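# Close look at the chain arrangement
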Amino acid sequence: MIFVLSGILILYVISISLLIYGFFKIKKYQKTDLKPKTSFTIIVPFRNEKENLPNLLNSISKLNYPTDLFEVILVDDSSKEEFQVSSFKFQVSIIENVRVSKSPKKDAITTAMQQVKTDWVITTDADCIVPQNWLLTYDNYMQQHKASMLAGAVSYQCKNSFLDHFQQLDLTSLQGATIGSFGIKKGFMCNGANFAYTKSLFEDLNGFEGNNKIASGDDVFLLQKAIEKFPNEVHYLKAKEAIVVTKPTETWKALFYQRVRWAAKTSSYKSTFGKFLGLIVFFGNLTLVVSFFLFLFGILSYPILVLFAFSKFVTDFILLAITNQFLTKTRIKSLLLSSLFYPFFSSFVALYSLFGSYEWKDRRFIK
């Protein structure tokens, strides 16, 4: 048993070390003084976001980018509350979502794409805040590199609570894995809150065809299709000035369902590396959980348990530290407590996602 657990942890450490190597392979990008040329349509699917949308639109109004080069399409997915758009210097419109599949968000983006007239589309979420040089940084990168799809970073705006700190560390690990996988040419994950691609690429890929029976995954499945067909045209934008900030969930229940929703799509990945890494991370966390109970029953010695936990902690900490420095540069909080709690939380989420249903936007989805 000890040899099996040790083997899993060795594979885990090697895999995370590869991601750490990949993280450094992606060079940070700094915008230049190039004159803006790229036209964008910002697509924002929303449902019952009356409190958050004004903040997003206000941040968009502060963008350092010509207003004639971008427009905003808000896609209302059967909100229970009505939202009125105020007057802005940029063009903004609200359209109703046309549901044709089991995925509301994919339907919303597909609905909006029918009205897109610009070359590029960039998606974000209603509860996000975009930085001032968001579009300008994307534009500068596009002018200097041949890309048809760009994935960007997302971070949380946290309050001083363990729930928020735990989510920040979790998201930081996901962002680190995302950047690292791009660095070793095995990109398989991104975040739809900061994701850009050309309209022509979306059409070449037939949109979300092939995975629209899965409720979530508007970002990762499209990314994996693009990498499979046009690997050299899919890039990661590692730029601080393009990091989008979003809100963490407000309750443990909401966090649990959110992570279940994210985990439920892993088995449908086209990326072999993505599936492999998902399994390694799951078994790496499960190994610590099993080791803890073996220790309680006197089967595993205390030094072995400490060695297992320390090996995983150090490896995780390196990836978290370098990613956190890129995302926020604020001190990592609740690291030890989160590291002890995370294997139990993550293992339960993964196991539940195989069989259980989850709630999202006041709707229940069954796997």
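Located above this text is the structure these notes cover.
Now for a look at the structure at hand. Remember, predicted model here, so these are calculated numbers, not experimental data.

## Quick notes on the overall build of the protein chain
Across its full length, the protein chain carries eleven helices and twelve strands. For 367 residues, the compact-globule formula gives about 21 Å, and the C-alpha radius of gyration of the protein chain, at 21 Å, lands near that figure. Each of the three principal axes of the protein chain carries a C-alpha extent, and together these read 65 × 45 × 40 Å. Considering the protein chain as a whole, with its 367 residues, one finds that 55% of them fall into the buried category. Here the contacts in the protein chain between residues at least 6 apart in sequence split such that 80% fall between residues at least 24 apart. Per element, the accessible surface of the protein chain, about 17,400 Å² overall, is 59% carbon and sulfur. A distance of 6 Å separates the average location of the 41 positive side-chain charges in the protein chain from that of its 29 negative side-chain charges.

## Notes on the sheet that holds strand β5 (residues 128-129)
What links the strands of a sheet is backbone hydrogen bonding, and the strands pair in either a parallel or an antiparallel sense. On the basis of which strands lie adjacent, the open sheet formed by three strands has the order β5-β10-β7 and mixed pairing. Looking at which strands have only one partner, the edges of the open sheet turn out to be β5 and β7 (154-156). Across two bridges, the pairing between β5 and strand β10 (residues 244-246) is antiparallel. Bridge pairing in β10 places isoleucine 129 opposite valine 245.

## What to know about the nonpolar core
Counting residues in each nonpolar core, the largest one holds 48 residues, and the members touching the most others are Ile43, Met149, Phe195, Tyr197 and Leu222. Ignoring sequence-local partners within four residues, the contact set of methionine 149 consists of Trp120, Phe195, Ala196, Tyr197, Leu201, Leu222, Leu223, Ala226, Glu233, Val234 and His235. Counting 39 residues, the second largest nonpolar core, distinct from the first, contains Val130, Leu135, Met142 and Leu237.

## Digging into the sheet that holds strand β3 (residues 91-96)
Spatial ordering of the open sheet is given by β3-β2-β1-β4-β8-β6-β9, a layout of seven strands whose pairing is mixed. Only two strands of the sheet have a single neighbouring strand rather than two, namely β3 and β9 (234-236). Ignoring strand direction, the axes of neighbouring strands in this sheet form an average angle of 20°. In this sheet, β3 lies alongside strand β2 (residues 70-76) in parallel orientation, the contact comprising six bridges. Note that in β3 the partner of valine 75 across the bridge is isoleucine 95.

How each quantity is defined
- Residues numbered from 1 in each chain as written.
- Predicted model: local features only at pLDDT ≥ 70, side-chain atom pairs only at ≥ 80, totals over all residues.
- Heavy atoms only, no water.
- Helix = DSSP H or I, 4+ residues; strand = E, 2+ residues; numbered from the N terminus.
- Rg over C-alpha atoms; globule rule 2.2 N^0.38 Å.
- Buried < 20%, exposed > 50% of the residue type's maximum accessible area, 1.4 Å probe, protein only.
- Contact = heavy atoms within 4.5 Å.
- Areas by Shrake-Rupley, 256 points an atom, 1.4 Å probe, with all protein chains shown as cover.
- Lys, Arg positive; Asp, Glu negative; His and termini not counted.
- Charge placed at Lys NZ, Arg CZ, Asp CG, Glu CD.
- Pairing = 2+ DSSP bridges.
- Core = buried A, V, L, I, M, F, W, Y, C linked by side-chain atoms within 4.5 Å.
- Axes fitted to C-alpha atoms, helices over the stretch in contact; angles between N-to-C directions.

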